[in-house]
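What follows is the residue order along each chain.
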2 protein chains.
Amino acid sequence: MTLNGAAGGNDKGKRVAAMDGKTKNRPLTPPPDGGRPTLKTIAFMTGLGITTVSRALKDAPDIGAETKERVRLVAKQIGYQPNRAGVRLRTGKTNVISLVLTLEEEIMGITSPMVVGITEVLAGTPYHLVVTPYSATKDALAPIRYILDTGAADGVIISRTEPHDPRVALLTERGLPFVTHGRTEMGVVHPYHDFDNERFAYEAVRELVERGRKRLVLLEPPPHLTFYSHMRAGFERGLRDFHADAVSFHHINIDHTLVEIRDAFETLMRADDAPDGIVSGSGSGAIALIAGLEAAKKTLGKDADMVSKVPSDFLRWLRPEVVTMYEDIRVAGRELAKAVIGHIDGQQSETLQSLSQPELQAAVPVSIKR
Amino acid sequence: MTLNGAAGGNDKGKRVAAMDGKTKNRPLTPPPDGGRPTLKTIAFMTGLGITTVSRALKDAPDIGAETKERVRLVAKQIGYQPNRAGVRLRTGKTNVISLVLTLEEEIMGITSPMVVGITEVLAGTPYHLVVTPYSATKDALAPIRYILDTGAADGVIISRTEPHDPRVALLTERGLPFVTHGRTEMGVVHPYHDFDNERFAYEAVRELVERGRKRLVLLEPPPHLTFYSHMRAGFERGLRDFHADAVSFHHINIDHTLVEIRDAFETLMRADDAPDGIVSGSGSGAIALIAGLEAAKKTLGKDADMVSKVPSDFLRWLRPEVVTMYEDIRVAGRELAKAVIGHIDGQQSETLQSLSQPELQAAVPVSIKR
DNA sequence: CAGCGGAACTGTATCGTTACAGATTTACCC
DNA sequence: GGGTAAATCTGTAACGATACAGTTCCGCTG
């Protein structure tokens, strides 16, 4: 291999551009070392122009096959990684996915496994996960506006959807890719992942009726959230199909504090028409219900049975008499991440919708026999 | 107010720079609207140079008081927010704090309240929180190297520290601000926040001995983590001071699965020299211990008492007979965030160290009297 | 051999910001 | 009046990447 001039060699007889000394695209000076490599570094090492290197790394059609190979090799050797700020400034692409969370969303820690699931998927991509919180007591639109106004992310993940969700309307209108954890009812087709709460409640009723329970109560989500109606619908369909009655508990929902839930439920359980079957829409809520039931001097499994949706397996360890249906939040996180990326990549929203089914949690495995 | 030329007015008789038409710093054309405002927008509106606007917003000493006022007013009116990519490219400042997490760190969801605590503090700053995961089974240094190599963050939060932690060594050597959740023993002074596990174990022993327990067992952290020795030290100091004996359970620690812990503990509880007092270093571990104890046909509160460290209040709702000491992870998140920012701002590391004390959790409040 | 098309590569301008080195004006002094 | 310092403002270049509009050279055609 021959070397022609200061620039790197090229022994295939190709012409070498004139070096008039005023070029900036063909770096003649080695980049100051110590810093991380840039396109300039590779350009210097290969003797190519910065533009060529950039295009070679993108596999552009107007770059020679051998050149691409050389560039890729050098880039890999020196561990080149594109400067995110440079890309972002020039192209607007942030390579950021924003997870928008309520600060209050913290009961029973739904966030942890979700973040894990999301990052598992993002690990194989150039995307970073940025957590953008908001106070539920304030404006849920604020973080969305911030992201839109500052171009802070390429995609957004939101949860706690409402049937007519202003965040979904805004994001759709402004064309920013997003995915929701939960569905909407706005006639807008958008990516989502959801847990089948209708099915959950229906199966819960079936389970309770099979255990001989007839007077059922539901600890439901707050009415403004979409999955409220899903869960209620499943509950009521179950009541009809399996011939059971509902006991009213509408003044309390899973967003109430544990103490509130317990106190209200204790009152209910002391009433003459106390329920004998309980469907709990949340794992932490279930704990408060159990406490209320026991405060009313009733016994779980005897005076009443309970089916609860749970995000972990604590309840089944501590109260195996509760029937638990597992909602895998980690999987949800994975699905959500895949869906936003799909949306960013221009896939059809219809293909980015998924529903996960409740799984009846098996009993804790018993290892030691006696 | 008079207007001189296309540029905004200035009626105090100050000179107006010659407009030779080739300037780029004094924008003569309105910025393309629809986009978000930049310094150029403000420069156009005020008739000032871009540089002046930039310096005015930073309150630089060489800008007139009235000019600053005008610039600030316009900036506020049009909702100017600096472009992060521009700043980052030019200055290297990312305005990012990176939370480095193990994907496996998920038992009992320590992450949720931590993320909430951190974002609560960051909300009042220009910092964003980026979650950077790694697989504990692989190289814990990988994410640190990534951040260092790509300049991905201004500050880093790490947890699960070891006495000689290579991450701390690397970050210190490379001068990137960080804070650890947990201490180290390397002779390196660095910001940290930690829970006083020594005190926790000591007080736990006191509590158990006061309840008449004499043969105590500790469910400890894995030995390679720093707080292992803290907790052990507190436990042993307690044994000495309060005259109790230790029952060995060293082959199991809080990183084992719940099933492993339960099975091992069941075996232990069936032995002749079974313990009568239990100190659990983790809330989820406590659940497995309870299960093991009950599998061995023993009763909590009768055959043995337990004190556990917990990050939430489930255990006290479901098993009020367990004495729980609360570790407030949300507060930890806040402290960690404050400490990294302090470190970034150049505060002395010594002043950025804090230790939170275990609080004996009060019983669940009883509201309904009968 | 002029002309032309295509392959392969390159220069320039630009995104938004800031460091740095001027530039202009005014005030003031001898 | 000339010189100087202080106050205030401005232009240019640069950070790293990319879009776009060339440029160079080759082979081929008529």
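Engineer: Before we go on, may I ask you to explain helix α3 (residues 65-77) of chain A in this structure?
Structural biologist: Residues and elements named next belong to chain A. When the terminal C-alpha atoms of α3 are compared, their 18 Å separation across 13 residues agrees well with the 18 Å that a helix rising 1.5 Å per residue should span. For α3, the full list of buried residues reads T67, K68, V71, V74 and A75. Taken around the axis of α3, the buried residues stretch over an arc of 135 degrees, which confines them to a single face. In α3, those exposed residues whose orientation departs by more than 90 degrees from the buried face are A65, L73, K76 and Q77. Against the buried residues of α3 lie α1 (39-46) and α2 (50-57). Two residues or fewer past α3, G79 is found with a positive phi of approximately 65 degrees.

Engineer: What should I look at first to understand the environment of L171 of chain B in this one?
Structural biologist: In this structure, L171 of chain B sits in helix α7 (residues 166-174). Each C-alpha atom, one on L171 of chain B and one on G155 of chain B, is 9.8 Å from the other, the two residues being 16 residues apart in sequence.

Engineer: Would you mind showing me how to read the packing of helix α10 (residues 258-270) of chain A against helix α11 (residues 283-295) of chain A here?
Structural biologist: Geometrically, a packed helix pair is captured by the angle between its two axes and the distance between the axes. Residues and elements named next belong to chain A. Between α10 and α11, whose axes approach to 7 Å, the crossing angle comes to 40 degrees. With respect to their mutual orientation, α10 and α11 come out oblique. Pair α10 / α11 crosses with right-handed handedness. Across the interface between the two elements, L258, I261, R262, F265, E266, M269 and R270 of α10 pack against S284, G285, A288, L289, A291, G292, L293 and A295 of α11. When the residues that make up the contact of α10 with α11 are grouped by side-chain class, the tally is nine nonpolar, three polar and three charged.

Engineer: Sorry if this is basic, but what is going on with the environment of A142 of chain A here?
Structural biologist: Inspection of the secondary structure assignment puts A142 of chain A in helix α6 (residues 141-150). Between the C-alpha atoms of A142 of chain A and R167 of chain A, which are 25 residues apart in sequence, the distance is 9.3 Å.

Engineer: Is there a simple way to think about the layout of surface pockets in this case?
Structural biologist: Remark: the empty space left among the atoms is shown by a probe the size of a water molecule rolled over them. For the second largest pocket, the calculated volume is near 1,400 Å³. Taken together, 46 residues form the lining of the second largest pocket, with R36, Q81, P82, N83 and R84 of chain A sitting closest to its centre. Of all the secondary-structure elements, those providing two or more residues to the lining of the second largest pocket are α2, α4 (84-91), α5 (111-122) and β2 (128-134) of chain A together with α4 (84-91), β2 (128-134) and α6 (142-150) of chain B. Classifying every residue of the lining of the second largest pocket by side-chain character gives 22 nonpolar, 17 polar and seven charged.

Engineer: Where do I start with the relation of the copies chain B and chain A in this structure?
Structural biologist: These two copies of the chain differ by a rotation about an axis and a displacement along the same axis. Rotating chain B by 180 degrees and translating it 0.0 Å along the rotation axis places it on chain A, where the RMSD comes to 0.0 Å. In the structure described here, the two chain copies are related by an operation that fits a two-fold rotation axis.

Engineer: I would appreciate a short explanation of the interface of chain B and chain A in the present structure.
Structural biologist: Listed by partner, the interface residues are 54 residues for chain B and 54 residues for chain A. Carbon and sulfur atoms make up 67% of the surface buried where chain B meets chain A, a total of about 4,600 Å² over both sides. The tally of links between chain B and chain A comes to 13 residue pairs in polar contact (both at pLDDT 80 or more). Of the residues assigned to the side of chain B that touches chain A, the class counts are 28 nonpolar, 12 polar and 14 charged. Where β2 of chain A and β2 of chain B come together, three bridges link them in antiparallel fashion. Bridging from a neighbouring strand, L129 of chain A pairs with V131 of chain B of β2 of chain B.

Engineer: Can you walk me through the nonpolar core in this structure?
Structural biologist: When a protein is soluble and globular, its nonpolar side chains tend to lie buried together. Ranked by internal contacts, the top residues of the largest apolar core, which has 106 residues, are F249 and F265 of chain A together with F249 and F265 of chain B. Contact partners of F265 of chain A, with chain neighbours within four places excluded, come to V217, F249, P275, I278, L289, G292 and L293 of chain A. In this structure, V121 of chain A together with I329, A339 and V340 of chain B belong to the second largest nonpolar core, which totals 40 residues.

Engineer: When you look at the sheet that holds strand β7 (residues 245-247) of chain A in this model, what are you seeing that I'm missing?
Structural biologist: Sheets are built from strands paired through backbone hydrogen bonds, the pairs being either parallel or antiparallel. All names here are of chain A. On the basis of which strands lie adjacent, the open sheet formed by six strands has the order β7-β6-β8-β9-β10-β12 and mixed pairing. In the strand order of this sheet, the two ends are held by β7 and β12 (359-360), each with one partner. Relative to β12, strand β10 (residues 323-326) is paired through two bridges, and the arrangement is antiparallel. Bridge pairing in β12 links Y326 to E359. In the packing of helix α8 (residues 197-210) onto the sheet, contacts are made with β6 (215-219), β8 (277-280), β9 (305-310) and β10, and the angle to β9 comes to roughly 160 degrees. Running over the sheet, α11 touches β6, β8 and β9 and is turned about 155 degrees from β9.

Engineer: Mind showing me how you'd approach empty space enclosed by the protein here?
Structural biologist: All told, the structure shown has four cavities of 30 Å³ or more when counted by the stated rule. For the largest cavity, the calculated volume is near 230 Å³. Among the residues making up the lining of the largest cavity, the classes are represented as 11 nonpolar, six polar and five charged.

Engineer: When you look at the sheet that holds strand β10 (residues 323-326) of chain B in this model, what are you seeing that I'm missing?
Structural biologist: Residues and elements named next belong to chain B. Taken in spatial order, the six strands make up an open sheet running β7-β6-β8-β9-β10-β12, and their pairing is mixed. Looking at the sheet topology across the chains shown, the edges are occupied by β7 (245-247) and β12 (359-360). Pairing of strand β6 (residues 215-219) with strand β8 (residues 277-280) involves four bridges; the strand directions are parallel. Considered in β8, the bridge of L219 is made with S280. Along the sheet face, helix α9 (residues 226-242) touches β6, β7, β8 and β9 (305-310) and points at about 170 degrees away from the line of β6.

What counts, and where the lines are drawn
- Throughout this description, residue numbers start from 1 for each chain and increase along the sequence as written.
- Lettering of chains starts at A and numbering of ligands starts at 1, both following the order in which they are written.
- The model is predicted, so local features are restricted to residues of pLDDT at least 70 and side-chain atom pairs to those at 80 or more, both for listing and for counting; the totals for chains, interfaces and linings are taken over all residues.
- Excluded from the side-chain calculations are hydrogens and water; all other atoms, namely the structure's heavy atoms, are used.
- Secondary structure is summarised from DSSP: a helix means a run of H or I of at least four residues, a strand means a run of E of at least two, and numbering begins at the N terminus for each.
- Under the convention used throughout, the expected extent of a helix is 1.5 Å for every residue step, that is, one less than its residue count.
- Relative accessibility under 20% of the residue-type maximum defines a buried residue, over 50% an exposed one, and the middle range a partly exposed one, all with a 1.4 Å probe and only protein chains included.
- Each C-beta atom gives one direction from the helix axis, and the arc is the one those directions make.
- By the convention used here, residues are in contact when the closest approach between their heavy atoms is within 4.5 Å.
- Helix axes are fitted to C-alpha atoms over the stretch in contact, other axes to C-alpha atoms as well, and angles between N-to-C directions run from 0 to 180 degrees.
- For classification, angles of less than 35 degrees are called roughly parallel, those exceeding 145 degrees roughly antiparallel, those between 65 and 115 degrees roughly perpendicular, and all remaining angles oblique.
- Throughout, a crossing is termed right-handed when the near helix is turned clockwise from the far one, and left-handed when it is turned anticlockwise from it by less than a right angle.
- Each residue is assigned to one of three groups, with Ala, Val, Leu, Ile, Met, Phe, Trp, Tyr, Cys and Pro labelled nonpolar, Asp, Glu, Lys and Arg labelled charged, and all others, Gly among them, labelled polar.
- A 1.4 Å probe that fits into a set of points on a 1 Å grid over the protein atoms alone but cannot get out defines a cavity; an open set with protein on both sides within 12 Å along at least five of seven lines defines a pocket, and lining residues are those with an atom within 4 Å of a point.
- Grid points are joined across faces, edges and corners, and a volume is the space filled by probe spheres set on the points.
- Least-squares superposition aligns the copies on the C-alpha atoms of those residues with pLDDT at or above 70 in both.
- Buried area: the accessible surface (1.4 Å probe) lost by two parts on joining, summed over both.
- Distance and chemistry together define a polar contact, namely a pair of N or O atoms within 3.5 Å, with one atom able to donate a hydrogen and the other to accept it when in protein, and with adjacent residues in sequence counting only for side-chain atoms on both sides.
- Two strands qualify as a pair provided that DSSP identifies no fewer than 2 bridges between them.
- Buried Ala, Val, Leu, Ile, Met, Phe, Trp, Tyr and Cys residues form a nonpolar core when they are joined through side-chain atoms within 4.5 Å.

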